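Single-letter residue listing:
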Amino acid sequence: IYVSLVGWWILSYDWAWTIGESFQFKPWRLLFIVNTLPAFLNGIAFCFCPESPKFLLSQGRKEEALEVLRMVHRINNPSARSDEGAYEVTKLRLDPEDMIARDRLEQGGESVGLFRSMVQQTVPILKVPFLWYFIICCVHNIGAFAIYGGLGLWFPDIMNQIYSQGESATVGQKVCDILQSNSSSRSSPSSTLMEEFELCDDEVKFETFFYTMVMGIFAALYAIITSAILGRFDQKVMMVFNCTVAGVCGIALQFIANSYAVAILFCFEIVFSGYCVLLVNANVVAIFPTNVRAMAVALTNMVGRLSCFVASAVIGLLMIQNCPVTFYMLSALLFLCAGLTFCSPKSDMPEI
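Residues numbered from 1 in each chain as written. Predicted model: local features only at pLDDT ≥ 70, side-chain atom pairs only at ≥ 80, totals over all residues. Heavy atoms only, no water.

For the protein chain, an unreviewed UniProt entry supplies the name Putative transmembrane transport and the organism Anopheles aquasalis. Recorded in UniProt for the protein chain, the comment headed Sequence similarities (unreviewed entry) runs: "Belongs to the major facilitator superfamily." The Subcellular location (unreviewed entry) field of the UniProt record for the protein chain holds the comment "Membrane". (UniProt positions renumbered as here; feature names shortened; annotations may be inferred.)

**Student:** Report on the overall build of the protein chain, specifying residues and quantitative values.
**Tutor:** What the protein chain contains, in helices and strands, is 14 helices and two strands. Taken over 352 residues, the protein chain has a buried fraction of 36%. Residue pairs at least 24 apart in sequence account for 73% of intrachain contacts in the protein chain once pairs closer than 6 positions are excluded. When the accessible surface of the protein chain is totalled, it reaches about 20,500 Å², and 66% of it is carbon and sulfur. (Helix = DSSP H or I, 4+ residues; strand = E, 2+ residues; numbered from the N terminus. Buried < 20%, exposed > 50% of the residue type's maximum accessible area, 1.4 Å probe, protein only. Contact = heavy atoms within 4.5 Å. Areas by Shrake-Rupley, 256 points an atom, 1.4 Å probe, with all protein chains shown as cover.)

**Student:** Quick rundown of the packing of helix α11 (residues 206–229) against helix α13 (residues 259–287)? Include the residues and the values.
**Tutor:** Put simply, α11 and α13 touch, their axes get as near as 10 Å, and they point 40° apart. Taken together, the axes of α11 and α13 lie oblique to each other. Both α11 and α13 take part in a crossing whose hand is right-handed. On the side of α11, the interface is formed by Tyr 211, Met 215, Phe 218, Ala 219, Ala 220, Tyr 222, Ala 223 and Thr 226, while α13 contributes Tyr 260, Ala 263, Ile 264, Cys 267, Phe 268, Ile 270, Val 271, Phe 272, Tyr 275 and Leu 278. Across the contact of α11 with α13, the residue classes break down as 17 nonpolar, one polar and no charged. (Axes fitted to C-alpha atoms, helices over the stretch in contact; angles between N-to-C directions. Parallel < 35°, antiparallel > 145°, perpendicular 65-115°, else oblique. Left-handed = near helix turned anticlockwise from the far one by under 90°. Nonpolar A, V, L, I, M, F, W, Y, C, P; charged D, E, K, R; others polar.)

**Student:** Outline the packing of helix α1 (residues 2–10) against helix α2 (residues 27–35), listing residues and values.
**Tutor:** The interhelical angle for the contact between α1 and α2, taken along N-to-C directions, is 150°, at an axis separation of 10 Å. Between α1 and α2, the crossing angle belongs to the class labelled roughly antiparallel. Helix-helix and strand crossings are classified by hand; for α1 and α2 the assignment is right-handed. The segment α1 lies against α2, with Tyr 2, Val 3, Val 6, Gly 7 and Ile 10 engaging Pro 27, Leu 30, Leu 31, Val 34 and Asn 35. Its residues assigned to classes, the contact of α1 with α2 shows eight nonpolar, two polar and no charged.

**Student:** Let's hear about the environment of Val 72: which residues, and what values?
**Tutor:** Mapped onto the secondary structure, Val 72 falls in helix α5 (residues 62–76). The spacing of Val 72 and Tyr 87 is 15 residues in sequence and 9.9 Å in space, taken between C-alpha atoms.

**Student:** Could you give an account of a nonpolar patch on the surface, with specific residues and numbers?
**Tutor:** On the surface, Ile 1, Leu 5, Trp 8, Phe 206, Phe 210, Ile 217, Leu 221 and Ile 224 cluster together to form a nonpolar patch covering roughly 730 Å² of accessible area. Broken down by secondary-structure element, the contributors of at least two residues to the nonpolar patch are α1 and α11. Here the nonpolar patch takes five residues from α11, the largest share from any one element. Mapped onto the fold, Leu 221 is located in helix α11. The class of Leu 221 is partly exposed, set by a relative accessible area of 49%. (Patch = residues over 30% accessible without salt bridge, like charges linked within 9 Å, V, L, I, M, F, W, Y side chains within 5 Å. Salt bridge = Lys/Arg side-chain N within 4 Å of Asp/Glu carboxyl O.)

**Student:** Summarise the UniProt feature "transmembrane region" (unreviewed entry) in the protein chain; cite the residues concerned and give the values.
**Tutor:** Listed under "transmembrane region" (unreviewed entry) in the UniProt record, and renumbered for this structure, are residues 30–49, 130–155, 209–230, 237–257, 263–288, 295–319 and 325–343. In residues 30–49, helix accounts for 80% and strand for 0%; the two terminal C-alpha atoms are 30 Å from one another. Helix and strand shares over residues 209–230 are 95% and 0% respectively, and the end C-alpha atoms of the span are 31 Å apart.

**Student:** So what's going on with the nonpolar core? Residues and values would help.
**Tutor:** Ile 158, Met 159, Val 175 and Phe 266 are the most contacted members of the largest nonpolar core, which has 36 residues in total. Broken down by secondary-structure element, the contributors of at least two residues to this core are α8 (130–163), α9 (175–186), α11, α12 (235–252), α13 and α14 (290–341). Looking at this core, the element that brings in the most residues is α13, giving nine residues. When residues no more than four places from it in sequence are discounted, the contact partners of Ile 158 are Leu 151, Val 175, Leu 179, Phe 266 and Met 319. Counting 29 residues, the second-largest nonpolar core is a separate cluster that includes Ile 125, Ile 136, Cys 138 and Val 277. (Core = buried A, V, L, I, M, F, W, Y, C linked by side-chain atoms within 4.5 Å.)

**Student:** An account of the packing of aromatic side chains is requested, with residue identities and associated values reported.
**Tutor:** Going through the model one piece at a time under the given rule, you end up with 17 aromatic pairs. Summarising the aromatic geometry, the rings of Phe 218 and Phe 268 are spaced 5.0 Å apart at their centres and angled 15° between planes, so their arrangement reads as stacked. You can see Phe 218 sitting in helix α11 and its partner Phe 268 sitting in helix α13, a full 50 residues away along the chain. What makes Phe 218 partly exposed here is its relative accessible area of 23%. Taking relative accessible area as the criterion, Phe 268 reaches 31% and is therefore assigned partly exposed. An angle of 65° between the planes, with centres 5.8 Å apart, marks the rings of Phe 266 and Phe 327 as edge-to-face. (Phe/Tyr/Trp six-rings, centres within 6.5 Å; stacked < 30°, edge-to-face > 60°.)

**Student:** Quick one: what's the story with the state of the cysteines, residue by residue and with numbers?
**Tutor:** On inspection of all chains with the given rule, the structure shows one disulfide. One disulfide in the model links Cys 176 with Cys 323; its S-S distance is 2.1 Å. Looking down the S-S bond of the Cys 176 and Cys 323 bridge, the torsion is -65°, so its handedness is left-handed. With Cys 176 in helix α9 and Cys 323 in helix α14, the pair connects residues that are 147 residues apart, well separated along the chain. Grouping residues by exposure puts Cys 176 and Cys 323 together as buried. Between Cys 137, a cysteine without a disulfide, and Cys 138, which holds the nearest cysteine sulfur, the sulfur-to-sulfur distance is 7.2 Å. Residue classification places Cys 137 among the buried positions, given a relative accessible area of 1%. (Disulfide = S-S within 2.5 Å.)

Here you go:
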């Protein structure tokens, strides 16, 4: 929502501030700066957040760790705010692995302790049966991030191309017809330099900002709904539902010619895929035991974000070469994720 509103405001201006002989500071450069402000403010806000109880405990600051846990308990249980003894935990201790790592840090073996800790948390994940579950979660994240981050990156450009067609976009033309016709007209060998210059229209249409904002609003609402019902419905059911809806929307895009319906289907596909990431993380936390849980979450998200990087670079090229096949492939990936969900284990897995 923030990005679309700020972009709508800043990119509507047409000015240029010339610096030197060849550099011009234009609105799109200002947009990049303004979009970094939330991250900057978020970094400042982290300075006022309490430390992790586990970190405090590893540093021997047991009372501070307990106080943080009491604060979290009071926030989650408003009725217990007036009762100082409502939080029953009075003593904390480190896991054996963390105690060993702390002892090594105190002895000056920081790098060795860190490396061994990483190995100890990674090796069990790569052994049966956790290896199979790890692969399933990685495939889930690959599918979710590929659509949410990869296709989502191209969403504004696709919307802009659709609505740049004017009335023709709403009468008889499907999304792939528009994208491939634009691509072929730009790359035509018979086009002159002047024609190519005229085809390079950098205007951002109102509808592009509008539907990007709509997608943000829908994502926020769906996040609230997902958070509210996550504990009431089985994670597998929600994962299958999200993947299936997103996949069906991707296929439906090949048969819908109305630009408004296309925009809504795109929003659904991207948002439902995006919240599969939340469900995958919840599933990883439920599957893997405590001593390797953090590493499992980190590795599955790393694989997913790598797929996001690859997909964002490849999807644009694939849509130019064969747009329908691109959307069918992405939908097939989502259906694969939905099918693999049934192979996920129950949450009560034994400790390693």
